[in-house]
Amino acid sequence: MKNIAVFASGNGSNFKAIYYKINDGVINGKINLLVSNNPRAGAVDFAYKNDINVKIVNDVRYPNENKKNNEYKNILNLHKTDLILLAGFMKKIPKNIIKKFNNKIMNVHPSLLPKYGGKGFYGINVHKAVIDSNDHFSGATVHFVNEEYDKGPIIIQKKVKLEVDEDYNSLSEKVLKIEHTIYPYAVRKFCEENIIINKNKVYISE
Ligand code: GAR
């Protein structure tokens with residue numbers, strides 16, 4: 001069984017979706033650590049209520065960058081982490097962690113990457129940009145994390161169609177629903193060791 005560490009800064013609806021799939025026995029894994037920069041995040045509250053270890057890592061507690069990066073490494077070692085899931089985590093993952101967990105860090109992004117990815121594109125900003133561009137489709141992407149923001153190998157994507165009167169709030173809800181299906185799916189496949197990466201391309205076997 002894989003040990004999973006979730007990194008979340010906000011509400012944590014993706015974290016919860018994955019947690020419930022594990023509880024239902026659909027995913028063969030265990031979330032044994034929740035890392036957040038934000039002690040008031042909904043994700044933190046949920047972790048406490050469900051007896052998941054919580055670690056707050058931010059610039060206030062770790063003003064020294066090296067110490068902060070070492071702390072990430074230490075807690076992940078301590079929890080024997082096999083897989084890191086970024087679930088609305090709004091801080092950059094340090095290079096030492098990306099290196100050590102090559103193809104073992106996943107992220108969910110609320111657009112069809114490579115569209116609307118990179119610096120400044122997170123959360124509701126993404127949906128605003130999609131609406132402003134009059135796109136007919138949007139969607140969500142689960143990808144592995146590498147050193148380039150939102151550019152790691154794509155694991156799975158799913159599209160949604162925009163309605164004529166779509167606004168960024170309704171789009172956000174639609175996309176989040178998709179995230180809650182594709183992210184647990186990708187995690188399940190990882191835990192079953194059914195994800196293969198060859199030359200930066202991801203293959204999922206049945
Ligand atoms: C999700 O929509 C996720 O795709 C987005 O933040 C939201 C977190 O929601 N992530 C990014 O924009 C990363 N660039 P949640 O806290 O309810 O899971």
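Anything mentioned here points back to the structure above.
Residues numbered from 1 in each chain as written. Predicted model: local features only at pLDDT ≥ 70, side-chain atom pairs only at ≥ 80, totals over all residues. Heavy atoms only, no water.

**Details of the site of the ligand**
In step 1: The immediate surroundings of the ligand are formed by 14 residues, with Gly 12, Ser 13, Asn 14, Gly 123 and Glu 179 found nearest.
In step 2: The separation between an oxygen atom of the ligand and a polar side-chain atom of Glu 179 is 2.9 Å.
In step 3: Secondary-structure elements contributing two or more residues to the shell around the ligand are α1 (13–23), β5 (105–109) and α6 (168–191).
In step 4: For the shell around the ligand, the residue count by class is six nonpolar, seven polar and one charged. (Near = heavy atom within 4 Å. Polar contact = N/O pair within 3.5 Å; in protein donor to acceptor, adjacent residues only side chain to side chain. Helix = DSSP H or I, 4+ residues; strand = E, 2+ residues; numbered from the N terminus. Nonpolar A, V, L, I, M, F, W, Y, C, P; charged D, E, K, R; others polar.)

**Focus: a positive patch on the surface**
In step 1: On the surface, Lys 92, Lys 95, Lys 99 and Lys 119 cluster together into a patch of positive charge.
In step 2: Position of Lys 119 among the secondary structure elements: in the loop between β5 and α5 (124–132).
In step 3: Classification of Lys 119 as exposed rests on a relative accessible area of 79%. (Patch = residues over 30% accessible without salt bridge, like charges linked within 9 Å, V, L, I, M, F, W, Y side chains within 5 Å. Areas by Shrake-Rupley, 256 points an atom, 1.4 Å probe, with all protein chains shown as cover. Salt bridge = Lys/Arg side-chain N within 4 Å of Asp/Glu carboxyl O. Lys, Arg positive; Asp, Glu negative; His and termini not counted. Charge placed at Lys NZ, Arg CZ, Asp CG, Glu CD. Buried < 20%, exposed > 50% of the residue type's maximum accessible area, 1.4 Å probe, protein only.)

**Here's the deal with the packing of α1 against α6**
In step 1: The interhelical angle for the contact between α1 and α6, taken along N-to-C directions, is 45°, at an axis separation of 9 Å. Relative to α6, α1 is oriented oblique. Between α1 and α6 lies a crossing of right-handed hand. Contacts between α1 and α6 involve Ser 13, Asn 14, Ala 17, Ile 18 and Lys 21 from the first element and Leu 176, Glu 179, His 180, Tyr 183, Pro 184 and Val 187 from the second.
In step 2: Here the residues of the contact of α1 with α6 sort into six nonpolar, three polar and two charged. (Axes fitted to C-alpha atoms, helices over the stretch in contact; angles between N-to-C directions. Parallel < 35°, antiparallel > 145°, perpendicular 65-115°, else oblique. Left-handed = near helix turned anticlockwise from the far one by under 90°. Contact = heavy atoms within 4.5 Å.)

**So, the side chain of Ser 9**
In step 1: Within the element layout of this structure, Ser 9 appears in the loop between β1 (2–7) and α1.
In step 2: What makes Ser 9 buried here is its relative accessible area of 10%.
In step 3: Among the polar contacts made by the side chain of Ser 9, one reaches the side chain of Asn 37 at a distance of 2.7 Å.
In step 4: If we skip the residues at most four places from it in the chain, Ser 9 touches Ser 36, Asn 37, Asn 38, Ala 41, Ala 87, Gly 88, Phe 89 and Met 90.

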